[in-house]
Amino acid sequence: MKLLIASDIHGSAVFCQSLMRAWDRERADRLLLLGDLLYHGPRNDLPEGYDPRRTAEMLNQRRDGILCVRGNCDAEVDQMMLRFPMLAEYALLSLSGAALYACHGHALGPDSPPPLRRGDVLLYGHTHVPAWEDRDGCLWLNPGSVSIPKNGSARSYMTFENGVFTWKTLAGDAFHRLAL
């Protein structure tokens, strides 16, 4: 199974469309979204192409392939627009023999991690900065942001296939790889 992992769309129809093209290009089986789908939040500027309704329409067209967790900018009103569950605080997946905890990063995340065992993976967004770190035998991984990258990073996502995480720009250029 190939996963496309992304975070922080923040209602940008322009960059959501780019993410949908990346999904097609990658031929990923599922899209795992790490929160902050429709609203830009009070701390962020409006992203280019801000159109939450259009963003919701694009995501709903592919709802059968989307797994999602809630971000700090996601609310019940957003769930009313989306036809797939998106209000879970975290998801626990088992891939390639490892436990993958998927969360947004604002409640559970680097400052307040879930219970992790050696070999587990923490997937989180929220910071808008791609990251990969080994902490006590656990991988802490962030795909960056689809629409509002920070700290000079590119708009980005990750893939996971055959035990390998690959970070890519939204245009599809790989810039980091990490094997489980």
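Our subject is the structure listed above.
Residues numbered from 1 in each chain as written. Predicted model: local features only at pLDDT ≥ 70, side-chain atom pairs only at ≥ 80, totals over all residues. Heavy atoms only, no water.

Draft legend 1. The arrangement of the sheet that holds strand S5 (residues 98–103) in detail. Across the sheet, five strands lie side by side as S4-S5-S6-S8-S7; this open sheet has mixed pairing. A single partner strand is all that each edge strand has here, and the edge strands are strand S4 (90–95) and strand S7 (131–135). If you compare each strand with its neighbour and ignore which way they point, the axes differ by 20 degrees on average. Where S5 meets strand S6 (residues 121–123), three bridges bridge the pair, whose relative direction is parallel. Residue pairing across strands places tyrosine 101 opposite leucine 122, the latter belonging to S6. (Pairing = 2+ DSSP bridges. Helix = DSSP H or I, 4+ residues; strand = E, 2+ residues; numbered from the N terminus. Axes fitted to C-alpha atoms, helices over the stretch in contact; angles between N-to-C directions.)

Draft legend 2. Main features of the environment of glycine 71. By the secondary structure assignment, glycine 71 is in the loop between strand S3 (66–68) and helix H3 (76–81). A relative accessible area of 2% means that glycine 71 is categorised as buried. Residues glycine 71 and glycine 35, 36 residues apart in the sequence, show an inter-C-alpha distance of 3.9 Å. Excluding residues that lie within four positions of it along the chain, glycine 71 makes contacts with Gly35, Asp36, His104 and His106. (Buried < 20%, exposed > 50% of the residue type's maximum accessible area, 1.4 Å probe, protein only. Contact = heavy atoms within 4.5 Å.)

Draft legend 3. Spatial organisation of the sheet that holds strand S11 (residues 174–179). Judged by pairing direction, the sheet is mixed, and its six strands sit side by side in the order S3-S2-S1-S9-S10-S11 without closing on themselves. Edge positions in the sheet fall to S3 and S11, since each of these pairs with one other strand and no more. Shown here is a sheet whose adjacent strand axes are inclined to one another by a mean of 20 degrees, direction ignored. Across five bridges, the pairing between strand S10 (residues 164–169) and S11 is antiparallel. Within S11, the position partnered with valine 164 by the bridge is alanine 179.

Draft legend 4. Main features of the nonpolar core. Core analysis: the biggest nonpolar cluster contains 26 residues, and Leu19, Leu31, Leu33, Leu37 and Leu59 have the highest contact counts within it. Residue assignment for this core shows that the elements contributing at least two residues are strand S1 (3–6), helix H1 (13–26), strand S2 (30–33), helix H2 (52–61) and S3. Here this core gets seven residues from one element, more than from any other, and that element is H1. Excluding its chain neighbours within four sequence positions, the residues that come into contact with leucine 37 are Ile9, His10, Gly11, Thr55, Leu59, Cys68, Asp74, Leu82, Phe84 and Met86. (Core = buried A, V, L, I, M, F, W, Y, C linked by side-chain atoms within 4.5 Å.)

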